[in-house]
Amino acid sequence: MSAPDPIAAIVLAAGKGTRMGSELHKVLHRLNGKPLLGHVLDSLDELGTEKTVLVVGAGRAQIADAYPPFERVVQEDQLGTGHAVRVATGALHGFKGIVLVLYGDVPLVSAATMRTLTRQIDADTALAVLGFVPKDPRAYGRLITDATGALERIVEFADASEAERAVGFCNSGILAMRADAMFDLVPQISNDNSKGEFYLTDVVALARASNLRVATVEADEVEVTGVNSQSELAALESVLAQRSREEA
């Protein structure tokens, strides 16, 4: 039996987090006694990543002080998730394996879910996207899959038909990529859209255009819940407290 592919991670933490209303960097706010980013890094440690790269921007000195051992790359301008990953690819030059893309403000993705996601990657499957079925799909992007569960496309809510909006399987933004596919596809992402940003989700269409399969994995909604404000942080804290009471 061959050894599993090595895993690297890119953790996006460059956002200003202005909605938190605090001088403290968003990813350093505490959830259940630990910084949001700390939850992500602990799960990556449990997973056993070979390398982790933090994409930082505003407030990067705070992150450097809190987590000095981790390699950091700077995204000077906030030009989208695709741009953030492109900035990080230089730090992974020569890496052969699987690359996870995670978010410093999405703290509760477990090592087990990360492992399940990376195990979808093989010679034919270049990408694996983490989805979820929320109680209220709201304006999330929808994951449109075929009969085998492979991802055909991601449709943003604003562009979705009524039939597509009826799909409950939503995009978390978290994905895994074979490194060679990342180095090939990410530079092809364009910013030809209304916001002039580079969206990481565009790698799905690029992969499909190259006849590469894209897998999907379903996560629990709480695992992929992001934190953008103090109220969202408090709500997630309440969910964890409720779960602890139920487990007790």
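All values reported here derive from a predicted model rather than from experimental measurement.

### A closer look at the packing of aromatic side chains
Piece 1. The final tally for this structure, using the stated rule, is 2 aromatic pairs.
Piece 2. The interplanar angle of 70° and the centroid separation of 6.4 Å between the aromatic rings of Tyr 67 and Phe 70 together place this pair among those described as edge-to-face.
Piece 3. With a relative accessible area of 15%, Tyr 67 lands in the buried category.
Piece 4. Aromatic side chains Phe 132 and Tyr 140 sit 5.0 Å apart centroid to centroid with 80° between the ring planes, which places their arrangement in the edge-to-face category.

### Concerning helix 4 (residues 111–118)
Piece 1. Turning to helix 4, its buried residues number three or more, namely Ala 111, Thr 113, Met 114, Leu 117 and Thr 118. All buried residues of helix 4 fall inside an arc of 160° around its axis, so they share one side.
Piece 2. The elements touched by buried residues of helix 4 are strand 1 (7–13), helix 1 (36–47), strand 6 (98–103), strand 7 (125–132), strand 10 (170–178) and strand 11 (213–219).

### Focus: the layout of surface pockets
Piece 1. In this structure, the second largest pocket encloses a volume near 260 Å³.
Piece 2. Surrounding the second largest pocket, 12 residues form its lining, Pro 4, Asp 5, Ile 98, Thr 118 and Arg 119 being those nearest its centre.

Conventions used here
- Residues numbered from 1 in each chain as written.
- Predicted model: local features only at pLDDT ≥ 70, side-chain atom pairs only at ≥ 80, totals over all residues.
- Heavy atoms only, no water.
- Phe/Tyr/Trp six-rings, centres within 6.5 Å; stacked < 30°, edge-to-face > 60°.
- Buried < 20%, exposed > 50% of the residue type's maximum accessible area, 1.4 Å probe, protein only.
- Helix = DSSP H or I, 4+ residues; strand = E, 2+ residues; numbered from the N terminus.
- Arc of directions from axis to C-beta.
- Contact = heavy atoms within 4.5 Å.
- 1 Å grid on protein atoms, 1.4 Å probe; cavity = no way out; pocket = protein on both sides within 12 Å on 5 of 7 lines; lining within 4 Å.
- Points joined across faces, edges and corners; volume = space filled by probe spheres on them.

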